[in-house]
Amino acid sequence: MNRYGLTHLKELEAESIYVLREVAAQFERPALLFSGGKDSIVVSQLARKAFFPARIPFPLMHVDTGHNFPEALAYRDEWVEKIGAHLIVAFVQDSIDSGRVVEEKGYNASRNALQTVTLLDAIEEHKIDCAIGGARRDEEKARAKERFFSHRDEFGQWDPKNQRPELWNLFNGRKAMGEHFRVFPISNWTEMDVWQYIYQEQIPIPEIYFTHRRNIIERDGVLYAYSDFLNLRPAEKPVEMQVRFRTVGDMTCTGAVESPASTLEDIIQEVAASRVTERGTRADDKRSEAAMEDRKKQGYF
């Protein structure tokens, strides 16, 4: 593989940097949503390039469910320190303790959906008028409906039928009091583009993306990491498997894949041969046919 010959990545990079600079020009208090996952890592790297030699002119914000992978949290703190960014952490546990949300019960309980309230409260508390995310259109059919600049009403809700045209990459960030925008600089990227860019830029990533041995619970075709957060059925027993994760989210809804991929080159080859998107391992997207779109309308990422 020619590390420096991927011209389409340069085009995607230039487009994303343009979007990020438009954010800085049009909004007063933006924030970059950061989970320690590969997509938000790439967006933060693009932000570094967009404003170099200055630091990123807006904070990174993580909505911590309390059920995160330890590897992702450790990486988050190391990366924020390395790039000299300011980090805001909003905790779902605080939303539970204050009665803003009610924790789910049962074997399939997850805090993933509860993030929406925590996120909207953090946006209100910090007066954020633009939340930058790492979502891509190839991930899921609801995300394919998003524009680069995605308007949210005063309740933080998304109306897919009320999005503004973006002809010639002209972005309209006008909003009324209490409204905000979600902006997705890597909308046109694919999973393969993300991995090739990480390889090209030699960006460090959490170890969870590489093969490792882990205790796994197999449930309904999804390989969950065994943890104290997972409510086990009586017959379920952890089995050690060699796996890696294609996406990083809440441990209660993020599935692994069996894989021997130990390098970035291995991951790229594996993704090229895969016929399932990385969100095919996410149990939260399987709750209904329109699970993602329903959550987005309520204010989800």
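So, how was this worked out
- Residues numbered from 1 in each chain as written.
- Predicted model: local features only at pLDDT ≥ 70, side-chain atom pairs only at ≥ 80, totals over all residues.
- Heavy atoms only, no water.
- Domains from an automatic or database assignment.
- Contact = heavy atoms within 4.5 Å.
- Buried area = accessible area lost by both parts, 1.4 Å probe.
- Salt bridge = Lys/Arg side-chain N within 4 Å of Asp/Glu carboxyl O.
- Polar contact = N/O pair within 3.5 Å; in protein donor to acceptor, adjacent residues only side chain to side chain.
- Helix = DSSP H or I, 4+ residues; strand = E, 2+ residues; numbered from the N terminus.
- Nonpolar A, V, L, I, M, F, W, Y, C, P; charged D, E, K, R; others polar.
- Phe/Tyr/Trp six-rings, centres within 6.5 Å; stacked < 30°, edge-to-face > 60°.
- Buried < 20%, exposed > 50% of the residue type's maximum accessible area, 1.4 Å probe, protein only.
- Lys NZ or Arg CZ within 6 Å of the ring centre and 35° of its normal.
- Axes fitted to C-alpha atoms, helices over the stretch in contact; angles between N-to-C directions.
- Parallel < 35°, antiparallel > 145°, perpendicular 65-115°, else oblique.

## Considerations on the domain arrangement of the protein
Line of reasoning, step 1. Domains assigned within the protein are domain 1 (8-194 + 290-298) and domain 2 (206-285).
Line of reasoning, step 2. A C-alpha centroid distance of 23 Å is found between domain 1 and domain 2.
Line of reasoning, step 3. Taken together, the contact between domain 1 and domain 2 spans 31 residues of the former and 29 residues of the latter.
Line of reasoning, step 4. At the boundary of domain 1 with domain 2, total buried surface from both sides reaches about 2500 Å², with 53% on carbon and sulfur atoms.
Line of reasoning, step 5. Across the domain 1-domain 2 interface, the total number found is two salt bridges.
Line of reasoning, step 6. Across the salt bridge formed by R246 and E191, the nearest N and O atoms sit 2.6 Å from each other.
Line of reasoning, step 7. Seen at the junction of domain 1 and domain 2, the total is nine residue pairs in polar contact (both at pLDDT 80 or more).
Line of reasoning, step 8. Considering every element that reaches the side of domain 1 that touches domain 2, the biggest residue donor is helix α3 (residues 70-83), with four residues.
Line of reasoning, step 9. Considering only residue class, the side of domain 1 that touches domain 2 consists of ten nonpolar, ten polar and eleven charged.

## So, the packing of aromatic side chains
Line of reasoning, step 1. The final tally for this structure, using the stated rule, is eleven aromatic pairs.
Line of reasoning, step 2. A ring pair is formed by F51 and F58, whose centres lie 5.9 Å apart and whose planes are at 90°; its orientation type is edge-to-face. Assigned by exposure class, F51 and F58 land together as buried.
Line of reasoning, step 3. Cation over ring: R137 sits above F148, and NZ or CZ is 5.1 Å from the ring centre.

## Describing the packing of helix α1 (residues 7-26) against helix α6 (residues 191-201)
Line of reasoning, step 1. In the contact formed by α1 and α6, the axes pass within 11 Å of each other and the chain directions differ by 100°. With respect to α6, the element α1 is oriented roughly perpendicular. Within the contact between the two elements, α1 uses H8, L9, K10, L12 and E13 and α6 uses D193, Q196, Y197, Q200 and E201.
Line of reasoning, step 2. Residues belonging to the contact of α1 with α6 are distributed by class as follows: three nonpolar, three polar and four charged.

## A few points about unusual backbone geometry
Line of reasoning, step 1. Across the junction of F52 and P53, the peptide omega takes the value 10°, indicating a cis bond.
Line of reasoning, step 2. Relative to the helices and strands, P53 is located in the loop between α2 (38-51) and β2 (60-64).
Line of reasoning, step 3. The backbone of D220 sits at a positive phi, close to 55°, despite the residue not being glycine.
Line of reasoning, step 4. Residue placement: D220 occurs in the loop between β7 (212-219) and β8 (222-225).
Line of reasoning, step 5. Residue class for D220 comes out exposed when judged on its relative accessible area of 68%.

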